[in-house]
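# A closer look at the structure
Here is what each chain is made of, one letter per residue.
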Amino acid sequence: MKSILQEDNGICFLCAYLHGDTHEQFTHCHHAVAGTANRKFSERFGLKYYLCPMHHEFGIEAVHRNKELYILLIKAAELVFIKKYSFEEWMRIFQKNFLEPEELTKGGDTAIEALYRLEEFHRQRERPEDKEQGFEATPDPIEEELPF
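Described below are features of the structure shown in this document. On a predicted model such as this, the values are computed, not experimentally measured, just so you know. (Residues numbered from 1 in each chain as written. Predicted model: local features only at pLDDT ≥ 70, side-chain atom pairs only at ≥ 80, totals over all residues. Heavy atoms only, no water.)

## Details of the layout of surface pockets
So the rule is basically this: Site definitions follow a grid-based scheme: protein atoms alone, a 1 Å grid, a 1.4 Å probe that fits but cannot get out for cavities, and for pockets an open set with protein on both sides within 12 Å along at least five of seven lines, plus lining residues having an atom within 4 Å of a point. Grid points are joined across faces, edges and corners, and a volume is the space filled by probe spheres set on the points. Secondary structure follows DSSP: runs of H or I at least 4 residues long count as helices, runs of E at least 2 residues long count as strands, and numbering of each begins at the N terminus. For this classification, Asp, Glu, Lys and Arg are treated as charged, while Ala, Val, Leu, Ile, Met, Phe, Trp, Tyr, Cys and Pro are nonpolar and the rest, including Gly, are polar.
If you add up the space inside the largest pocket, you get close to 200 Å³. Forming the walls of the largest pocket are Leu5, Gln6, Glu7, Asn9, Ile11, Cys12, Phe13, Ala16, Tyr17, Thr110, Ile112 and Tyr116. Element by element, the count of residues in the lining of the largest pocket is highest for helix H1 (residues 13-19), at three residues. Looking at the lining of the largest pocket residue by residue, the classes come out as eight nonpolar, three polar and one charged.

Right, here's the structure in full:
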């Protein structure tokens, strides 16, 4: 079945989402939910992403090496599936919920829309005192010392 998460247009989903890179390139088909039976269900329901080799298997941001990104893609797939079918159907088929209770209401017609809604939700949940005190990431001193 055709993907309900993104178009098969030769654009890597994670290149576009993480880096704004939308150039056409060779992509692999990544089934959103892993496991032998779940891979078949992902195929049947169109829960597929198109990823460049670096985001699929080989790079540090590859979903088969980076659990955080792997879960993020499953969450987006679950939201799109729930909007199209239902949460009950998701649980009947995949038997595991990856979303927090508050995230279940975020929905999304496409995976990218679902991810942006999840981002917005988590941004709103940030503690106000952190923003007031101006906490931010400190630069990595090793990076500053590199000659290239």
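From this point, the narrative continues.
## Thoughts on the packing of helix H4 (residues 67-84) against helix H5 (residues 87-94)
Put simply, the test is: For helices, the fitted line uses only the C-alpha atoms of the stretch in contact; every axis is such a line through C-alpha atoms, and the angle between N-to-C directions lies from 0 to 180 degrees. Throughout, the term roughly parallel applies to angles under 35 degrees, roughly antiparallel to angles over 145, roughly perpendicular to angles from 65 to 115, and oblique to all others. Note on contacts: a residue pair qualifies if any of its non-hydrogen atoms lie within 4.5 Å across the two residues.
As a packed pair, H4 and H5 sit with axes 7 Å apart at the nearest point and diverge in direction by 125 degrees. On the basis of their axis angle, the class for H4 and H5 is oblique. Residue-level contacts link Ala77, Glu78, Phe81 and Ile82 of H4 to Phe87, Glu89, Trp90, Ile93 and Phe94 of H5. For the contact of H4 with H5, the residue count by class is seven nonpolar, no polar and two charged.

## Some details on the state of the cysteines
Threshold: The term disulfide is used for any two cysteine sulfur atoms that are within 2.5 Å.
Counted according to the given criterion, the structure contains zero disulfides. With no disulfide of its own, Cys12 lies 3.6 Å from the sulfur of Cys15, the closest cysteine sulfur.

## Description of the pairing of strand E2 (residues 48-51)
Basically, it comes down to this: Each residue's exposure class comes from its accessible area (1.4 Å probe, protein chains only) as a fraction of the maximum for that residue type: buried when under 20%, exposed when over 50%, partly exposed otherwise. Pairing between strands requires that DSSP locate at least two bridges from one strand to the other.
In E2, alternate side chains face the same way, and those of Lys48 and Tyr50 on one face and Tyr49 and Leu51 on the other are all buried. Of the strand pairs in this sheet, strand E1 (residues 28-31) and E2 are connected by four bridges, and their pairing is antiparallel. Bridged to His28 within E2 is Leu51.

## Some details on the pattern of salt bridges
Rules: One side-chain nitrogen of Lys or Arg within 4 Å of one carboxyl oxygen of Asp or Glu is enough to make a salt bridge.
Enumeration according to the criterion identifies three salt bridges in this entry. A salt bridge links Glu103 to Lys75; its shortest N-O distance comes to 3.2 Å. With Glu103 in the loop between H5 and helix H6 (111-124) and Lys75 in helix H4, this pair connects stretches of sequence that are 28 residues apart. In this pair, the class of Glu103 matches that of Lys75, namely buried. A salt bridge links Glu89 to Arg92, with the shortest nitrogen-to-oxygen separation between them at 2.7 Å. Separated by three residues within a single helix, Glu89 and Arg92 lie in helix H5, roughly one turn from each other. The exposure class assigned to Arg92 is exposed, which follows from its relative accessible area of 55%.

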